[in-house]
Amino acid sequence: MRLSIPEQELMTPGHLACQGCGATLAMRYTLKALGNDTILTFPACCWSVIDGPFPYTSLKVPLLHMAFEATGATASGIKAALEIKGNTETTVVGWAGDGGTFDIGLQALSGAAERNEDFIYICYDNEAYMNTGIQRSGATPWGAWTATTPVENFNSIFKKNIEEILAAHRIPYVATASVAYPEDLVKKIKKAKGIKGFRFIHIFAPCPPGWKTRSEDTVKLARLAVQTTVFPLYEIENSEKYTINIVIKKRKPVNEYLELQGRFKHLKEEHINFIQENIDKNWEKLLKKAGLI
Ligand SMILES: Cc1ncc(C[n+]2csc(CCOP(=O)(O)OP(=O)(O)O)c2C)c(N)n1
Ligand code: SF4
């Protein structure tokens, strides 16, 4: 059998993540795609813990821990320092959670994208501020329970469309990816590695304690998110060329995805219908942009 995913492991076992953490799969596949000539920078997030305390580390590449809001600026600085030293080979990656990307790091992210800095920005999206106790973020979906959007006042704001925000910066590459589709994920990271300029990749990464799900359902949930088109897999090149990588012909109803998660268990039928209507609208918009309807 021909393996499409590199065998090289740059993430070791014995890290500090919870069982079934989607963010660890995201990292493992990303490093397989990038190889060891890579430097990472992390803001405050679960990954600043998962890696382990100094001098221990679960990653075989250099990394720099940085303040929550500073991923875009820090990665820009690392890249500039390497260039001064004559190193144009090493891949620089800003690696942040959704809180550090959609909300608190958005300013530095936008600045780096506007300058078309030559690094890859990866957001692993577990749809809340997990590391500090499951507070709502700009990536939290409509209807979800979080610690700051309790059941009686559940989240009633839609997830920010971060892809469109980034595409509006006219950067060369924007892509979504999922831990349930590792071949697609690795292909996109490799493609991003070969592009010069600012590249943004948004990886869907379920979180069992934050979503109130079973650890063994992480990949199933990530797959259902694609099959229901809650999280479609697509690319935007040079802010105008849309490609849907996995076109779902027979979409599953959103309830199949929601019912596995404790964070949605308070929802009533009318809420689920409302969520479905919005997913339908978004999917149609995307099909139009990709020229498929
Ligand atoms: C300026 C600032 N505000 C708040 C914090 C506390 N803090 C540390 S990690 C974190 C949550 C990060 O959430 P996210 O970026 O979504 O990553 P996740 O924890 O989900 O991996 C918060 C609020 C901080 N370190 N700095
Ligand atoms: S809280 Fe969620 S994202 Fe953080 S380590 Fe645990 S499973 Fe992973």
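Everything here concerns the structure above.
All figures in this text were calculated on a predicted structure; none of them were measured in a lab. (Residues numbered from 1 in each chain as written. Chains lettered and ligands numbered in written order. Predicted model: local features only at pLDDT ≥ 70, side-chain atom pairs only at ≥ 80, totals over all residues. Heavy atoms only, no water.)

It is worth spelling out the site of ligand 1 at this point. In the region of ligand 1, 17 residues are neighbours, and Cys46, Gly99, Gly100, Tyr124 and Asn131 sit closest. Contact between ligand 1 and Ala128: an oxygen atom at 3.0 Å from a main-chain N or O atom of the residue. Between ligand 1 and the protein, one listed contact pairs an oxygen atom with a backbone N or O atom of Met130 at 3.0 Å. Isolated, ligand 1 exposes 580 Å² of accessible area, and the fraction of that covered by the protein chains is 73%. Sort the elements by how many residues they give to the shell around ligand 1 and helix H4 (residues 98-103) lands first, with three residues. Its residues placed into classes, the shell around ligand 1 shows nine nonpolar, six polar and two charged. (Near = heavy atom within 4 Å. Polar contact = N/O pair within 3.5 Å; in protein donor to acceptor, adjacent residues only side chain to side chain. Areas by Shrake-Rupley, 256 points an atom, 1.4 Å probe, with all protein chains shown as cover. Helix = DSSP H or I, 4+ residues; strand = E, 2+ residues; numbered from the N terminus. Nonpolar A, V, L, I, M, F, W, Y, C, P; charged D, E, K, R; others polar.)

What follows covers the nonpolar core. One recurring pattern in soluble globular proteins: nonpolar side chains tend to sit buried together. In terms of nonpolar packing, the biggest core is built from 93 residues, with Met27, Trp47, Trp95, Leu166, Phe198, Phe200 and Ile201 touching the most fellow members. Take this core: its biggest share by element is eight residues, from helix H1 (residues 22-34). Beyond its immediate sequence surroundings of up to four residues, Leu166 is in contact with Leu109, Ala113, Ile171, Val174, Phe198 and Phe200. (Core = buried A, V, L, I, M, F, W, Y, C linked by side-chain atoms within 4.5 Å. Buried < 20%, exposed > 50% of the residue type's maximum accessible area, 1.4 Å probe, protein only. Contact = heavy atoms within 4.5 Å.)

Once that is clear, we can look at the site of ligand 2. Taken together, Ala17, Cys18, Cys21, Cys46, Asn126, Met130, Cys207, Pro208 and Pro209 make up the full set of residues adjacent to ligand 2. Residues belonging to the shell around ligand 2 are distributed by class as follows: eight nonpolar, one polar and no charged.

Attention shifts here to the pattern of salt bridges. Summed over the entire model, instances satisfying the criterion amount to 19 salt bridges. Between Glu9 and Lys32 there is a salt bridge, with its nearest N and O atoms 3.3 Å apart. Of this pair, Glu9 sits in the segment before H1 while Lys32 sits in helix H1, and the two are 23 residues apart along the sequence. Accessibility expressed as a relative area gives 8% for Lys32, which makes it buried. The residue Lys79 makes a salt bridge to Asp118 at a minimum N-O spacing of 3.5 Å. Linking Lys79 in helix H3 (residues 71-84) with Asp118 in the loop between helix H5 (106-114) and strand S4 (120-125), this pair joins segments that are 39 residues apart in sequence. Judged by its relative accessible area of 5%, Lys79 is buried. A single salt-bridge network, built from bridges that share partners, covers Lys79, Asp118, Lys196 and Arg199. (Salt bridge = Lys/Arg side-chain N within 4 Å of Asp/Glu carboxyl O.)

Among the structural elements, Asn126 can be located in the loop between S4 and helix H6 (162-167). Residue Asn126 is classed as buried on the basis of its relative accessible area of 6%.

Note that every value here comes from positions in space, so none of it alone points to a role or purpose.
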